[in-house]
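The chain contents come next:
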Amino acid sequence: MSQSSYGRMLDAAQGALEDLLEDEYPTLELRPQKDRLQVFQTLATFFLRYMKIFRALEEVYDQIVHPQKRRVVHQVLDGVMGRLVELKNEMVELEHSEFHYFDDLLQDFKMTPEDLEVPIPRYFVREKMRALKEREKMLAHVLAKEGRPEHKSVNRPVLSMSMERAVWLLQVSERARQGRLRAHFMKTIRLEEQRRHLGSSMLDPDQAATCIQKVWRGYRDRRRVNKECLEEMIFLGMIPAQQQTPSPAQLRAQQVERRRHIIQEEHEAEYQTALVNIKESVRTVDGADIKESLQEQIRQWFLECRDASGKFPDFPSPEDGGSASIFAQKTPEQVAAEFAAKEEEREKKKKLKSEKDKKANDRKEKKKGKPKGKGGKGDTEEEETGWKMTPSNFLPTVFEGAKLYKEVWQNRDEQQNFLQRFDAQLVREEKRLEVEVELRVQVDELMRQELKNLKLVVDRDKGKKKKKVKKSSKKKKKKGRKTGKKKKKKEKDLTADRTIESLYEELVLEGIIIRPMNVKLSDYIGEYSYLGTTLRQADIEPMPSLSDVRQLIALYGILPLGSQCVHERGPLIRALLLTGPQGVGKKMLVHALCTETGANLFNLSPSTLAGKYPGKSGLQLLLHMVFKVARQLQPSVIWIGDAEKTFYKKVPKLEKEMEPKRLKKTLPKILKSIKAEDRVLVVGTSRRPFDADIKPFCKVYKKIILIPRPDYASRFTLWKELLQAHGALLDPKLDLSSLAKVTDGYAQGHILQAIQTILIPHRLELQAKRPLTAVEFIPPLARQDPVYKEEEESFKAWYSRTPLGKKRARAAKASEEQAILKKGKTKGGKLQKKGKEGKKKKKKKK
């Protein structure tokens, strides 16, 4: 696509955003709504529309080359990302569930489940690629200096074997080798006999020709029919299409995209140098004229105020804005009146404070004296308020970005700027304003002194009194400062004498900083649940799909860690827990989180900390080092594997030496120290959360994502994608549907292990002669334990005891009670009507 087509795409996205803002702003001012279904529908529609705009803006930002236009798009993109996170938080608080389903809305908007996938901005990693490469070199250098091998992500255990088993395997392989040799020898003898037999009998040429034609035509027709059947099955989607090499057009498009990224860097470097050069030129050429014009304006204001009020005005302080607050399209009389009003307001505020304190104390006493029955009205009013949209921190930024684009770029003629370089006129206007602001500070100091001299000359007596008053007020202020509140003590830096590089090196050598696997979130394969809404309407809670898990990881982890704006203004998430059975991909999601954002990975699992930094002081030093390096080299992910061990109800005897509960007391305190500007996320993974004490466990991990075992659709795509990734040829004889049905209860890790055991290099070479069949994968699956229903039910029961699960249970109970009350009222009304009709009939009979 060309730059003009991306410009049209940007115009369409901005138009859709303007329509969405017009629809969303009235909802912030609406009265509280009671219908929860209607509220969820509005939130879900906003969420889907923002998602569509987000996808378009991300693609435009990745490919446009104009540096100034990219800044406007970046501002809007950050606002849209933050608004998506806010809407998700609103839906969680409304429904008391982390998972939501949009089946009916997808049909209304004519969208596919793929449109629900949260697009991960590519600039998260691309714009800091140099820093990531330097960090990678530093990590490799530290490991090589110590003579240690690099950290391997997968460590397969070595299985021991008995002597009898080894002898048996040798005998089997030897017998098989002898059998193959014997079969080959017999085959050669049989072929020689056939040749002798054919050589003795001679056929008629016509008969031989017809025989050859018959064989060839049959082979040709069978091949054509098989090809047509295969094409039809691929078209219907019943057989997956084979992997094809990219076409020349696709390769050319990829080259163009890479070239645009290089041009972006070149244009950005030109723009940065132009910002400095143009500012210096504006300062040297126009600086003197700007100073003179500012001084003349302020002197004119002095004279006008003197003529209007009979005295020189007070010059505004730097806190009030200096001379910039004077020339805001106001007359001198209005300015003087405003300053006088401000002084009066300051005096009034001091008097009102004491009155407010008295009134508040009186109200408290009255409330204490009120009986319980009268106070019940306020409670019912609060309950009847219903739901109301919370004010957004991102809508103003989205609105400002959209307004800036509309005013500056929408109707701007860019035909002459074919190479899409920066606009020097816009840069000059921006820098002129900056220079004016900088020079205004200097001019204000000069004019403040000039005004002081004028007052001394004209009003000497008044000036002396004012000086005395000012001195007495300063003394009072100084006394007030002494009686003020004490400042909070700063935390001691335990490693003040050490550099970040030395701390990083120590943590690498101790195995606490590890290299994440190169895994993307899209590699976590899973399908969308198509029956979520219908099941919830039937009061059946559906199990979440793997597509929903991907969406939560992107919204709670990747977007806040990747964007500083989203992390600072959005809902603050300090800790995240990934829980589920063994093999569902918890560790893979942690590594994907680091790969997509370029984050450092710290491993604070109990098994890693065993025997390191002993004692309370050692643990304090370790955590100080970890969080100091994590803040300096943010974004950072602190991974705690087997998170339930930190909050064990009772530590097993075998694990007492490991001290798994070392972090129990210090971890909540350190989490509180993570501020909005720190892009640090603590991620825990647990396969047995029910072994932990649930209260402290849920206080630390307030966001919990329960990862289920894959459903049929996810298992089908898993088999297809993993087999193709390992080099398998998907033949029609390989029944993937049967494999997906048979592996019900098995997790992704079990399926991957079965594929790895079967698809060895020797078996891949034999695919042309002996295609793969579904039966081959059954034995390795049978050796593994699936996820049983009892384990799945235990996870569901544990999740229902979490704070969010309890809230959902209370909401469901309340809705059931309301439904029963409504039914009771309707039945009572019908019974009353029947009773009245019976009495009337009796009276008539009498």
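Computed from a prediction, not measured in an experiment: that's the story for all the values here.

Draft legend 1. Seen up close, the packing of aromatic side chains. In the structure shown here, the tally under the stated rule is 13 aromatic pairs. Here the aromatic rings of tyrosine 123 and phenylalanine 124 are separated by 5.0 Å at their centres, their planes lie at 70 degrees, and the arrangement is edge-to-face. Note on accessibility: tyrosine 123 and phenylalanine 124 belong to one class, buried. Taking the centre distance of 5.8 Å and the plane angle of 40 degrees together, the rings of tryptophan 216 and tyrosine 219 count as tilted. In this pair, tryptophan 216 and tyrosine 219 both sit in helix α8 (residues 205-236), three residues apart, roughly one turn of the helix. An aromatic cluster of at least three residues, connected via ring pairs, comprises Phe647, Phe697, Tyr701 and Trp798. One cation-aromatic arrangement involves arginine 70 over tyrosine 61; the distance from NZ or CZ to the ring centre is 4.2 Å. Sitting over the face of the ring of tryptophan 409, arginine 412 holds its NZ or CZ atom 5.6 Å from the ring centroid.

Draft legend 2. Structural view of the nonpolar core. Formed by 134 residues in total, the largest nonpolar core has its most connected members in Tyr50, Phe102, Ile553, Tyr701 and Ile705. Among the elements that make up this core, the one with the highest residue count is helix α2 (residues 36-63) (15 residues). Not counting chain neighbours up to four residues away, the residues in contact with isoleucine 553 comprise Leu521, Ile558, Leu576, Leu578, Leu589, Leu593 and Ile705.

Draft legend 3. Fine view of the pattern of salt bridges. A full pass over the atoms with the stated rule returns 35 salt bridges. Where arginine 122 meets aspartate 62, a salt bridge forms, and the shortest distance between an N and an O atom there is 3.4 Å. Highlighted residues: arginine 122 in the loop between α4 (103-109) and α5 (123-126) and aspartate 62 in helix α2, separated in sequence by 60 residues. The class of aspartate 62 is buried, set by a relative accessible area of 2%.

Draft legend 4. Structural view of empty space enclosed by the protein. Taken as a whole and assessed by the stated rule, the structure comprises five cavities of 30 Å³ or more. Roughly 60 Å³ of volume is contained in the largest cavity. As for the largest cavity, its lining consists of Met543, Pro581, Leu706, Ile707, Pro708, Arg709, Val787, Glu792, Phe795 and Lys796. Broken down by class, the residue content of the lining of the largest cavity amounts to seven nonpolar, no polar and three charged.

Draft legend 5. Quick look at the confidence of the model for the protein chain. Averaged over the protein chain, the pLDDT score is 81; the fraction of residues at 70 or greater is 83%. For the protein chain, per-element mean pLDDT is lowest for helix α11 (residues 372-383), which scores 42, and highest for strand β5 (residues 680-686), which scores 93. Taken together, the stretch residues 150-157 has pLDDT below 50 and engages in eight contacts with residues farther than four places along the chain or on a different chain. In the model, residues 366-384 has pLDDT below 50 throughout and makes one contact with residues more than four positions away in sequence or in other chains.

Draft legend 6. Seen up close, the environment of alanine 747. Secondary-structure assignment places alanine 747 in the loop between α25 (736-742) and α26 (748-758). As for alanine 747 and valine 584, which are separated by 163 residues in sequence, their C-alpha atoms are 5.4 Å apart. Once you skip the residues sitting within four places of it in the chain, alanine 747 turns out to touch Gln582, Gly583, Val584 and Pro710.

Draft legend 7. Representation of the pairing of strand β4 (residues 636-641). For β4, the buried fraction is high: six of the six residues fall into the buried class. Neither face of β4 is open: one carries Ser636, Ile638 and Ile640, the other Val637, Trp639 and Gly641, and all of them are buried. In this sheet, β4 lies alongside strand β3 (residues 600-603) in parallel orientation, the contact comprising four bridges. Pairing of phenylalanine 602 across the sheet is with isoleucine 638, part of β4. Handedness of the β4-helix α22 (residues 666-673)-β5 crossover: right-handed.

Draft legend 8. Summary view of helix α12 (residues 395-409). Taking 1.5 Å per residue, 15 residues should reach 21 Å; α12 reaches 20 Å between its end C-alpha atoms and fits that length. Residues of α12 that are buried include every one of Leu395, Thr397, Val398, Gly401, Ala402, Tyr405 and Trp409, and no others. The arc enclosing the buried residues of α12, seen along the axis, measures out at 165 degrees, which places them on a common side.

Draft legend 9. Quick look at the sheet that holds strand β2 (residues 575-579). With respect to topology, six strands assemble into an open sheet ordered β1-β3-β4-β5-β2-β6, the strand pairing being mixed. The open sheet has two free edges, formed respectively by β1 (513-514) and β6 (703-706), since each of these has just one partner strand. Here β1 pairs with β3 via two bridges, running antiparallel. The residue of β3 that forms the bridge with isoleucine 514 is leucine 601.

Draft legend 10. View of the packing of helix α9 (residues 248-309) against helix α13 (residues 424-458). Put simply, α9 and α13 touch, their axes get as near as 5 Å, and they point 35 degrees apart. Between α9 and α13 the crossing geometry is right-handed.

Draft legend 11. Main features of unusual backbone geometry. Here the residue pair glutamine 634 and proline 635 is connected by a cis peptide bond, since its omega of 5 degrees sits within 30 degrees of zero. By the element assignment, proline 635 lies in the loop between α21 (615-632) and β4. If you check the backbone angles, histidine 96 has positive phi at about 55 degrees while not being a glycine. Structurally, histidine 96 can be placed in the loop between α3 (67-95) and α4. Since its relative accessible area comes to 18%, histidine 96 is described here as buried. We note that lysine 110 has phi near 55 degrees; this positive angle belongs to a residue other than glycine. Residue position: lysine 110 is located in the loop between α4 and α5. Residue classification places lysine 110 among the exposed residues on the basis of a relative accessible area of 77%.

Draft legend 12. Representation of the packing of helix α24 (residues 712-725) against α26 within the structure. Between α24 and α26, the least distance of the axes is 11 Å, while the angle of their chain directions is 35 degrees. The two elements α24 and α26 meet at a crossing, and its hand is right-handed. The segment α24 lies against α26, with Arg715, Leu718, Trp719, Leu722 and Leu723 engaging Gln748, Ile751, Leu752 and Ile755. Partitioned by chemical class, the residues of the contact of α24 with α26 number seven nonpolar, one polar and one charged.

Draft legend 13. Quick peek at helix α15 (residues 500-509). Listed as buried for α15 are Ile500, Leu503, Tyr504, Leu507, Val508 and Leu509. Check the buried side of α15 and you find it contacts α6 (129-145), β1, β3 and α21. Glycine 511 sits one or two positions beyond α15 and adopts a positive phi of about 80 degrees.

Draft legend 14. Fine view of a nonpolar patch on the surface. Together, Met161, Trp168, Leu169 and Val172 make up a nonpolar patch on the protein surface, roughly 380 Å² of accessible area in all. By the secondary structure assignment, leucine 169 is in helix α7 (residues 163-200). Judged by relative accessible area, leucine 169 falls into the partly exposed class, the value being 35%.

Draft legend 15. Highlighting the side chain of glutamine 767. Topologically, glutamine 767 is positioned in the loop between α27 (761-765) and α28 (778-782). Here glutamine 767 falls in the buried class, since its relative accessible area comes to 8%. A polar contact is formed between the side chain of glutamine 767 and the backbone oxygen of glycine 727, at a distance of 3.2 Å. From its side chain, glutamine 767 meets the backbone oxygen of leucine 764 in a polar contact 3.3 Å long. With sequence-adjacent residues up to four places away left out, glutamine 767 is seen in contact with Gly727, Ala728, Leu729 and Leu772.

Calculation criteria
- Residues numbered from 1 in each chain as written.
- Predicted model: local features only at pLDDT ≥ 70, side-chain atom pairs only at ≥ 80, totals over all residues.
- Heavy atoms only, no water.
- Phe/Tyr/Trp six-rings, centres within 6.5 Å; stacked < 30°, edge-to-face > 60°.
- Buried < 20%, exposed > 50% of the residue type's maximum accessible area, 1.4 Å probe, protein only.
- Helix = DSSP H or I, 4+ residues; strand = E, 2+ residues; numbered from the N terminus.
- Lys NZ or Arg CZ within 6 Å of the ring centre and 35° of its normal.
- Core = buried A, V, L, I, M, F, W, Y, C linked by side-chain atoms within 4.5 Å.
- Contact = heavy atoms within 4.5 Å.
- Salt bridge = Lys/Arg side-chain N within 4 Å of Asp/Glu carboxyl O.
- 1 Å grid on protein atoms, 1.4 Å probe; cavity = no way out; pocket = protein on both sides within 12 Å on 5 of 7 lines; lining within 4 Å.
- Points joined across faces, edges and corners; volume = space filled by probe spheres on them.
- Nonpolar A, V, L, I, M, F, W, Y, C, P; charged D, E, K, R; others polar.
- pLDDT = per-residue confidence, 0-100.
- Pairing = 2+ DSSP bridges.
- Right-handed = clockwise from strand over helix to strand, strands pointing away.
- Expected span 1.5 Å × (residues − 1).
- Arc of directions from axis to C-beta.
- Axes fitted to C-alpha atoms, helices over the stretch in contact; angles between N-to-C directions.
- Left-handed = near helix turned anticlockwise from the far one by under 90°.
- Patch = residues over 30% accessible without salt bridge, like charges linked within 9 Å, V, L, I, M, F, W, Y side chains within 5 Å.
- Areas by Shrake-Rupley, 256 points an atom, 1.4 Å probe, with all protein chains shown as cover.
- Polar contact = N/O pair within 3.5 Å; in protein donor to acceptor, adjacent residues only side chain to side chain.

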